[in-house]
Amino acid sequence: MERIPILKMGPYLLVTIQVDMHDRVAMTLQDELTERIVAERARGVLLDISSVDVVDSFIGRMIGNIASMSRVLDAETVVVGMRPAVAITLVELGLALPSIKTALNVDAGMALLKSAGKMSGNGRLTR
Amino acid sequence: MSQNSQMADEIRNKQDLILKHWMDYQLSALTLRRDRVKESDLRDMSRRFLDLFSEAFSASSDASSPGWKPVKEHLAEVTRTRAEQGFSPTETATFVFSLKQPLFDLAQQRAGHDSKKLAETLWDLTALLDKLGLYTTEAYQETRESVIMRQQQELMELSTPVVRLWDEVLALPLIGTLDSARTQVVMENLLQQVVETGARIAIIDITGVPTVDTLVAQHLMKTVAATRLMGADCIISGIRPQIAQTIVHLGVNLNDIVTKATLADAFMVALQRLGATVTRNAASTSG
C-alpha cells in the first residue's frame, strides 16, 4: 500500500505527492494528515502537487476537502506547483476550488503561509 | 457503349478542330480574364483536358465511374490554380461549360437527320459536362476552405502573445473574438508562461475584444480560475464603457475578479502587490 509522506517543517507540514493519486491513497492521506495536524499543532500545510499530471473529479474534490478540513483544525493549506494541464482540467470539471490558497512553488507557498501567520495571530501564543 | 467509343474516336480524330473551336468560344466569352491567364497556358490546359476527356469518354459516359478520375484530378488542379489566381467560380465553370458548343456541333454532324439519336447524344453530353462543371465549383470551394482554415490557424497563433511586463508580471493582450478553441490556446499559453517565468501576476487585457457576451465572460472566468489554481493572480483590464454596460446587463458576475479600466491601472496594481513603486524623476518633471 502506497503512502504519502508527511514532513514536519517548523510549524508547518509539507506533503509532497509523488505517486499516482488513487482514491485509496487520497483517503489515507486525508486520515493521516488530519491526525498529524492535531498531533503536531501545525499552523499550515503545504500540499505540493507538482508531480501530479492526471486528476479526476474525485481527486479534485479531495484536494478541496483536505484544505477545508485543515482550516477547521486552524491550519492554513496552500496548494503549490499545480501543472497547467491539471489547472485547466479542474476548471473544466467545474472545480475551481475558490476557497483554497495556491502558490506557484514551495518557496512562494512558504512565504504565503508565513505572511498569513503574521497577519492573523489566531489567538495563539507566539513561540 | 459502342456509340460512346465511336464518339470518343471522333473527338480524338477531330481534337485539333474541337480545340480550335473551344478556344474561340473561351476567348470570346465575357468571363475570360485575359489579365489573369495567358492564351498559351489556356491552350495547354484545354488540350490536356480534351485528351483526358476523350480517353475517359471512350470507357464510360458516367462521370462518377473510376475512369473519370484523371479528368477530375486535372480539373481540381486547374481549379486550384485558378482559385489562387483570383478567378470566380463562374469563370472556372465556364471553362468546362464552353466545351458544350464544339461537342454539340460534332454530335450534330454525326447524327445528321436522326433527331432521336441526336437528342440522346446531346443529353448524355449535357449531363456529363454539367457534372464536371459542378465538380469545378466543388473543388473551388474546397480550395477556398483550405485557405480559410490555414488563415484561421495562423491568426490563432499570431494573436495570443504573452508579454513579460516586469519581473513576475505577465500581460496577455487579447485581440479578436474569444471562442472556445481560442480560449483553450490562450489559457494553455498563459499557464505555460506562468510556469516558465514564475510570474505572480497575469494581466489579461481585453481592449481588442470587440464583444463580450456570457460565453466570452465564462471563458475569461475559466482562464482566471485556472491561473489562480496555479498560484498566480489575474487582473482583467481594458474594459470599455459599452462592455462594462453589457456585462452588467447580462448579469455576469465578475465580482470575484479584479478588473481595471486600462492596462496602465492594472500594471500599477500589479506593482503595488509586488511592493514596487514607480516614481517620477524630479529633473525630468521640471523640464
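Figured I'd write up the structure that's included with this text.

Definitions and cut-offs
- Position labels on residues start from 1 in each chain and follow its written sequence.
- Following the order in which they are written, the chains are lettered starting with A and the ligands numbered starting with 1.
- This being a predicted model, a pLDDT of at least 70 is required before a residue's local features are given, and a value of 80 or more before pairs of side-chain atoms are given or counted; all residues contribute to the totals for chains, interfaces and linings.
- Working definition: helices are DSSP H or I runs of at least four residues, strands are E runs of at least two. Numbering for both runs from the N terminus.
- Burial is judged by counting other C-beta atoms within 10 Å of a residue's own C-beta: 20 or more means buried, 12 or fewer means exposed, and anything between counts as partly exposed, with every C-beta placed from the backbone.
- Contact between two residues is assigned when their C-beta atoms, built from the backbone, lie within 7 Å.
- For helices, the axis comes from a line fit to the C-alpha atoms of the stretch in contact; other axes are also lines fit to C-alpha atoms, and the angle between any two N-to-C directions lies between 0 and 180 degrees.
- Angle categories: roughly parallel below 35 degrees, roughly antiparallel above 145, roughly perpendicular from 65 to 115, and oblique for all the rest.
- Helix crossings are classified by the rotation of the near helix relative to the far one: an anticlockwise turn of less than a right angle makes the crossing left-handed, while a clockwise turn makes it right-handed.
- Just so you know the grouping, Ala, Val, Leu, Ile, Met, Phe, Trp, Tyr, Cys and Pro go in nonpolar, Asp, Glu, Lys and Arg go in charged, and all remaining residues, Gly too, go in polar.
- Expected span, for any helix, means 1.5 Å times one less than how many residues it has.
- Here the rule is simple: two strands pair whenever DSSP picks up at least two bridges between them.
- Handedness is read with the strands pointing away from the viewer; a crossover is right-handed when the path from the first strand over the helix to the second is clockwise.

## Quick notes on the overall build of chain A
Inference 1: The helix and strand tally for chain A stands at four helices and five strands.
Inference 2: Each helix (α) and strand (β) of chain A, taken in turn from the N terminus, gives the series β-β-α-β-α-β-α-β-α.
Inference 3: Considering chain A as a whole, with its 127 residues, one finds that 39% of them fall into the buried category.
Inference 4: Of the contacts made within chain A by residues no fewer than 6 positions apart, 76% connect residues no fewer than 24 positions apart.

## Topic: the packing of helix α2 (residues 15-28) of chain B against helix α6 (residues 100-111) of chain B
Residues and elements named next belong to chain B.
Inference 1: Put simply, α2 and α6 touch, their axes get as near as 8 Å, and they point 140° apart. If you check the angle between α2 and α6, you find them oblique. Crossing angle aside, the handedness with which α2 passes α6 is right-handed. Between α2, through I18, H21, W22 and Y25, and α6, the contact on the second element is made entirely by Q101, P102, D105 and L106.
Inference 2: Looking at side-chain class alone, the contact of α2 with α6 contains five nonpolar, two polar and one charged residues.

## Description of the interface of chain A and chain B
When the parts come together, some accessible area is lost, and that loss is often what is quoted as the size of the interface.
Inference 1: Each partner contributes to the interface: chain A provides 14 residues, whereas chain B provides 16 residues.
Inference 2: Looking at the side of chain A that touches chain B, the elements that each hand over two or more residues are α3 (84-92) and β5 (101-103) of chain A.
Inference 3: Residue contributions to the side of chain A that touches chain B peak at five residues, all from α3(A).
Inference 4: The class makeup of the residues in the side of chain A that touches chain B is 13 nonpolar, one polar and no charged.

## Digging into helix α9 (residues 214-230) of chain B
Inference 1: Taking 1.5 Å of rise per residue, 17 residues should cover 24 Å, and α9(B) covers 24 Å from first to last C-alpha, within 8% of that figure.
Inference 2: Of all the 17 residues making up α9(B), 12 are buried; the element is thus mostly covered by neighbouring parts of the structure.
Inference 3: All of the buried residues in α9(B) are V216(B), A217(B), L220(B), K222(B), T223(B), V224(B), A225(B), A226(B), T227(B), R228(B), L229(B) and M230(B).
Inference 4: Of the surrounding secondary structure, the elements contacted by the buried residues of α9(B) are α3 and β5 of chain A together with α8 (180-197), β3 (201-208), β4 (233-237) and α10 (241-250) of chain B.
Inference 5: Of the residues trailing α9(B), G231(B) is marked for its positive phi of about 105°.

## Some points on the environment of T207(B)
Residue and element names in this part refer to chain B.
Inference 1: Along the chain, the position of T207 falls in strand β3.
Inference 2: By C-beta crowding, T207 is classed as partly exposed, having 15 other C-beta atoms within 10 Å.
Inference 3: When the C-alpha atoms of T207 and A261 are compared, they prove to be 9.2 Å apart, with 54 residues separating the residues in sequence.

## Some thoughts on the sheet that holds strand β3 (residues 44-48) of chain A
All names here are of chain A.
Inference 1: With mixed pairing, five strands are arranged side by side in an open sheet as β1-β2-β3-β4-β5. This sheet does not close on itself; its edge strands, each paired only once, are β1 (6-9) and β5. Averaged over all pairs of adjacent strands, the angle between their axes in this sheet comes to 25°, without regard to strand direction.
Inference 2: In this sheet, strand β4 (residues 76-80) lies alongside β3 in parallel orientation, the contact comprising five bridges. From the neighbouring strand, L47 faces β4, where its bridge partner is V79.
Inference 3: Its contacts with the sheet place helix α2 (residues 57-72) against β3 and β4, and it is angled at close to 150° to β4.

## A word on the pairing of β3(A)
Residues and elements named next belong to chain A.
Inference 1: Within β3, five of the five residues are buried, leaving the element largely enclosed by the surrounding structure.
Inference 2: Side-chain alternation along β3 places G44, L46 and D48 on one buried face and V45 and L47 on a second face that is also buried.
Inference 3: For strand β2 (residues 12-16) and β3, the ladder comprises five bridges, and the chain directions are parallel. Counted as the bridge partner of T16 is D48 from β3.
Inference 4: One crossover worth recording links β2 to the parallel β3 by way of helix α1 (residues 23-40), and it is right-handed.
Inference 5: After leaving β3, the chain enters α2 and then returns to the sheet as β4, a path that is right-handed.

Shape is all these values report; function is a separate question.
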